[in-house]
Amino acid sequence: MTDATAPAPKPGILDIAPYVGGKSRIEGVAEPMKLSSNENMLGAGQKAREAFEAAVRNIHIYPDGRATKLRGAVADHHGLEPERLIFGNGSDEVFALLNQTYLTPGDNIVTGQYGFLAYRISALANQASVKLAPEPQFKATPEALLAEVDERTRIVYVSSPSNPTGSYNTAEEIRRLHEGLRPDILLVIDEAYAEYVTEPDWETSFPLARDSENIVVTRTFSKIHGLGGLRIGFGYAPLKVAEAVDRIRLPFNVSVPGIEAAVAALGDEAHQQASRDLIQTWRPRMTQAIRGFGFEVLPSAGNFVLVRFSDAAQAQGANDYLNSKGVIVRPVGGYGLPDCLRITIGTEDQNRAVLDALSEFAAG
Ligand SMILES: Cc1ncc(COP(=O)(O)O)c(C=O)c1O
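Not measured: the values here are computed from a predicted model.

Not every one of the 13 residues close to the ligand is listed here, only the nearest: S91, D190, Y193, T220 and S222. Here an oxygen atom of the ligand and a side-chain polar atom of Y193 are 2.6 Å apart. Within the side chain of S222, an N or O atom sits 2.6 Å from an oxygen atom of the ligand. In isolation the ligand offers 400 Å² of accessible surface; the protein chains occlude 94% of this area. Of all the elements, helix α3 (residues 91-102) adds the most residues to the shell around the ligand, at three residues.

You can see E135 is positioned in the loop between β4 (129-133) and α5 (142-148). Comment: no salt bridge for buried E135; closest opposite-charge side chain is R120, at 6.6 Å. A polar contact of 3.4 Å, which involves the side chain of E135, links it to the backbone nitrogen of A140.

What follows concerns the pairing of strand β3 (residues 108-112). With respect to burial, β3 is a largely interior element, five of its five residues being buried. By the bridge criterion, five bridges tie β3 to β4 in an arrangement that is parallel. Pairing of T111 across the sheet is with L132, part of β4. Taken together, β3, helix α4 (residues 117-125) and β4 form a β-α-β motif whose crossover is right-handed. Strand direction decides the pairing type here: β3 and strand β5 (residues 153-159), joined by three bridges, are parallel. From the neighbouring strand, I109 faces β5, where its bridge partner is I155.

Next up on the list: the UniProt feature "modified residue: N6-(pyridoxal phosphate)lysine" (unreviewed entry) in the chain. Within the UniProt annotation, "modified residue: N6-(pyridoxal phosphate)lysine" (unreviewed entry) is assigned to K223. In this structure, K223 sits in the loop between β7 (215-220) and β8 (233-236).

This part is about the domain arrangement of the chain. Per the domain assignment, the segments making up the chain are domain 1 (22-43 + 270-363) and domain 2 (46-266). Here the C-alpha centre of domain 2 lies 25 Å away from the C-alpha centre of domain 1. Of the residues lining the interface, 28 residues belong to domain 1; the matching set on domain 2 comes to 30 residues. On the domain 1 side of the contact with domain 2, Q272, A301 and Y335 bury the most area, a combined 32% of that side's loss. Every element with two or more residues in the side of domain 1 that touches domain 2 is listed here: α10 (269-292), β10 (304-308) and β13 (337-344). The class makeup of the residues in the side of domain 1 that touches domain 2 is ten nonpolar, 13 polar and five charged.

With that out of the way, let us pick up the UniProt feature "domain: Aminotransferase class I/classII large" (unreviewed entry) in the chain. The UniProt record marks residues 32-358 with the feature "domain: Aminotransferase class I/classII large" (unreviewed entry), using the residue numbering of this structure. Its end C-alpha atoms 16 Å apart, residues 32-358 is made of 40% helix and 18% strand.

What follows deals with the side chain of T218. Within the secondary structure, T218 sits in strand β7. In this structure T218 touches S91, V94, F95, V188, I189, D190, E191, A192, F234 and G235, once residues within four positions along its chain are discounted.

Here the focus is the sheet that holds β8. Strands sit in the order β2-β8-β7-β6-β5-β3-β4 across an open sheet of seven strands; the sheet is mixed. Bordering the open sheet on either side are β2 (85-88) and β4, each of which pairs with just one other strand. Averaged over all neighbouring strand pairs, the angle between strand axes comes to 20°, with direction disregarded. Packing against the sheet, α4 makes contact with β3, β4, β5 and β6 (186-190), and its axis sits at approximately 165° to β3.

With that out of the way, let us pick up unusual backbone geometry. That bond from S160 to P161 is cis: its omega, 0°, falls within 30 degrees of zero. Mapped onto the elements, P161 comes out in the loop between β5 and α6 (171-179). Looking along the chain, the bond that leaves N163 and enters P164 is cis, with omega of 10°. With respect to the helices and strands, the residue P164 is situated in the loop between β5 and α6. For N38, which is not a glycine, the phi torsion comes out positive at approximately 55°.

Scoring rules and cut-offs
- Residues numbered from 1 in each chain as written.
- Predicted model: local features only at pLDDT ≥ 70, side-chain atom pairs only at ≥ 80, totals over all residues.
- Heavy atoms only, no water.
- Near = heavy atom within 4 Å.
- Polar contact = N/O pair within 3.5 Å; in protein donor to acceptor, adjacent residues only side chain to side chain.
- Areas by Shrake-Rupley, 256 points an atom, 1.4 Å probe, with all protein chains shown as cover.
- Helix = DSSP H or I, 4+ residues; strand = E, 2+ residues; numbered from the N terminus.
- Buried < 20%, exposed > 50% of the residue type's maximum accessible area, 1.4 Å probe, protein only.
- Lys, Arg positive; Asp, Glu negative; His and termini not counted.
- Salt bridge = Lys/Arg side-chain N within 4 Å of Asp/Glu carboxyl O.
- Pairing = 2+ DSSP bridges.
- Right-handed = clockwise from strand over helix to strand, strands pointing away.
- UniProt positions renumbered as here; feature names shortened; annotations may be inferred.
- Domains from an automatic or database assignment.
- Contact = heavy atoms within 4.5 Å.
- Buried area = accessible area lost by both parts, 1.4 Å probe.
- Nonpolar A, V, L, I, M, F, W, Y, C, P; charged D, E, K, R; others polar.
- Axes fitted to C-alpha atoms, helices over the stretch in contact; angles between N-to-C directions.

Okay, here's the thing in structure tokens:
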């Protein structure tokens, strides 16, 4: 029953489960180790910090609505056409803008069973539905995604690497997926964790997107560049898509310090390399060590690992035990994985704290 005496949200809004971000506090622990949101545990690089601080003198001025300086820097860095870039308050906003631009009530988006939740929330807010392709092997395959596509599908989302599973799609799989889609369906390929991939059969989809009319590739400054708190992401889209999105994008959606810090971060190759090295050193070590404690660890191409326990109660027990040691990781029941915990790979000290706690937990 609607309450005619109070403003009612649009149909469907109150059915959306609010996004729950990674926890950042533990009662009684002054400085917990926060390994719950796949942030860069090295922090931002020195160059980005300096650029951020220098930008303070201009924060009374509205940002350049086209983010021209950042647009040019991203285009140069990745070899992309500047006019085809869409900047957002995080790549999350790029997904929301695409959903807002392309979905009408009754349409649907297709993504994997364990696909990133941000795609779904704004789809539902646009009164579209979400069709989930089964991921029995914790990976969204082209066949499973294509099987969900119907006449009302407007957007297919894949993340490669994917959060929270850590799986990825090969370049060949992405091509197969694209070839199987109608040309009026947008394929969004979320490459938030691209810089951490070492598998030789993964490729960025920028080249595939260049020659297509229906592919958007997204990237973020929140992971490798350590700028999650500044909220900057972008999409590389067909010109027509970029121009359509630009009509509804809020005029000043990327901030003055954000633009400056992101430009500096792109030029800080040493920080990017250190961030990659940290993950490439510790991802196999964490995987192996945790497996050694008797828990399943899914192979990960990102800056995190997904640990599978025997059941939800054991995952909850491990989570509580990690918390008692001042470590915050991410329960992923919201993704339908109540028996799993997602652990961001941190600095050496943080990783050792995780391993010590899990080894003690395993020993009972
Ligand atoms: C797969 C995936 N895509 C996108 C994002 C969001 O990135 P941003 O901070 O740019 O909104 C995340 C963040 O965790 C993610 O895991």
